[in-house]
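Each chain, written out:
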Amino acid sequence: MSRISPEERQRLAESLAEAVKASSEADQASGQAQAQAARQAAEIEALLEGGERLALRGRDLRASVQELRDTLERGRLSTLNAALEGARLGEVAGKALMAMTEEVRSALGRSADVLDDHATRVAELERERERLVLALGPLADAARAVASEVTRAADRNRSGRDALAEPPHPPARSRRA
């Protein structure tokens, strides 16, 4: 069995101390990376939740647009009935009623055009939201995977450092009887 010289023992102890120090620094860096990855995953999750809230608002807006369309249609039918009543009333009284109903019908038509424009914009926003949600999903998965892998690497690093830091066990001596 060969003996280790005191100088060699000192070099090994210094190398071991450097390895433990480097491992501790790596552990600290991996902890920071893990925290950053977890923050990014949480931020992406918050964006996904925001996308879901936007989807609910989009559904509410579509329902409101439909309600407004129904109201405009009822108004259009009312103006048609008023125009028919104006025609029935005759030249003098009916002419004023017919002019007023034509103005209201024109305003309802412009309102319907504006409403259609808003409905188109809502649909565009919903499509854009869907594209964003589809893009964010894989990013969230990747951020979670990175956080998990960094955690596993940190655990392996700690195990290795702990093994390095353990004092060596002297070899067992055999007893001779």
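This structure is a prediction, so every number in the text was calculated from the model and none was measured. (Residues numbered from 1 in each chain as written. Predicted model: local features only at pLDDT ≥ 70, side-chain atom pairs only at ≥ 80, totals over all residues. Heavy atoms only, no water.)

Asker: Tell me about the overall build of the protein chain, residues and numbers included.
Answerer: Looking only at helices and strands, one finds 2 helices and 0 strands in the protein chain. Its C-alpha radius of gyration of 39 Å places the protein chain more than 25% over the 16 Å reference for a compact globule of 177 residues. Projected onto its principal axes, the C-alpha positions of the protein chain cover 135 × 35 × 15 Å. Counting all 177 residues of the protein chain, 19% fall into the buried class. A separation of at least 24 residues holds for 82% of the contacts in the protein chain among residues at least 6 apart in sequence. For the protein chain, the exposed area adds up to about 13400 Å²; of that, 58% sits on carbon and sulfur atoms. With 28 positive and 30 negative side-chain charges, the protein chain shows a separation of 7 Å between the mean positions of the two kinds. (Helix = DSSP H or I, 4+ residues; strand = E, 2+ residues; numbered from the N terminus. Rg over C-alpha atoms; globule rule 2.2 N^0.38 Å. Buried < 20%, exposed > 50% of the residue type's maximum accessible area, 1.4 Å probe, protein only. Contact = heavy atoms within 4.5 Å. Areas by Shrake-Rupley, 256 points an atom, 1.4 Å probe, with all protein chains shown as cover. Lys, Arg positive; Asp, Glu negative; His and termini not counted. Charge placed at Lys NZ, Arg CZ, Asp CG, Glu CD.)

Asker: Go over the pattern of salt bridges with me, naming the residues and quoting the values.
Answerer: Summed over all chains, the structure comprises 14 salt bridges. R88 serves as the salt-bridge partner of E85, at 2.4 Å between the closest nitrogen and oxygen. Residue E85 and its partner R88 are both found in helix α1 (residues 6–89); the two are separated by 3 residues, about one turn of the helix. The exposure class assigned to E85 is partly exposed, which follows from its relative accessible area of 31%. Under the relative-accessibility criterion, R88 is labelled exposed at 59%. E128 serves as the salt-bridge partner of R131, at 2.5 Å between the closest nitrogen and oxygen. On the criterion of helical spacing, the pair formed by R131 and E128 is a turn pair, its members being 3 residues apart in helix α2 (residues 91–165). (Salt bridge = Lys/Arg side-chain N within 4 Å of Asp/Glu carboxyl O.)

Asker: Could you give an account of the nonpolar core, naming the residues involved and the relevant values?
Answerer: By size, the foremost hydrophobic cluster in this structure holds 7 residues: A41, I44, L48, V133, L136, A140 and A143. When contributions to this core are tallied by element, the ones reaching two or more residues are α1 and α2. When residues in this core are grouped by element, the largest group, 4 residues, is from α2. Non-local contacts of L48, meaning those with residues more than four positions away in its chain, are made with V133, L136, G137 and A140. Core analysis: the second largest hydrophobic core is formed by 5 residues, L72, L108, L115 and A119 among them. (Core = buried A, V, L, I, M, F, W, Y, C linked by side-chain atoms within 4.5 Å.)

Asker: Which residues make up the side chain of T79, and what values do they have?
Answerer: Its place among the elements puts T79 in helix α1. Assessed through its relative accessible area of 5%, T79 is described here as buried. Residues within four places of T79 in sequence aside, it is in contact with T101, V104, R105 and L108.

Asker: Requested: an account of a nonpolar patch on the surface, with residues and values cited.
Answerer: Taken together, the side chains of L77, L80 and L84 present a nonpolar region at the surface, about 260 Å² in accessible area. In this structure L80 comes out as partly exposed when scored by relative accessible area, which is 37%. (Patch = residues over 30% accessible without salt bridge, like charges linked within 9 Å, V, L, I, M, F, W, Y side chains within 5 Å.)

Asker: Give a detailed account of the side chain of S30, specifying residues and quantitative values.
Answerer: Considering the arrangement of structural elements, one finds S30 in helix α1. Those residues in contact with S30 that sit more than four places away from it in its chain are V150 and A154.

Asker: Give a description of the environment of A33 that names residues and reports values.
Answerer: Along the chain, A33 falls in helix α1. Of the residues examined, A33 reaches a relative accessible area of 35% and is grouped as partly exposed. Counting along the chain gives 113 residues from A33 to V146, while the straight-line C-alpha distance between them is 8.9 Å.

Asker: Give a description of the environment of A140 that names residues and reports values.
Answerer: Note on placement: A140 falls in helix α2. A140 gets classed as buried once you look at its relative accessible area, which sits at 1%. Through-space distance from the C-alpha of A140 to that of E18 is 37 Å; in sequence the pair is 122 residues apart. Look past the residues within four positions of A140 in its chain and what remains in contact with it is I44, E45 and L48.

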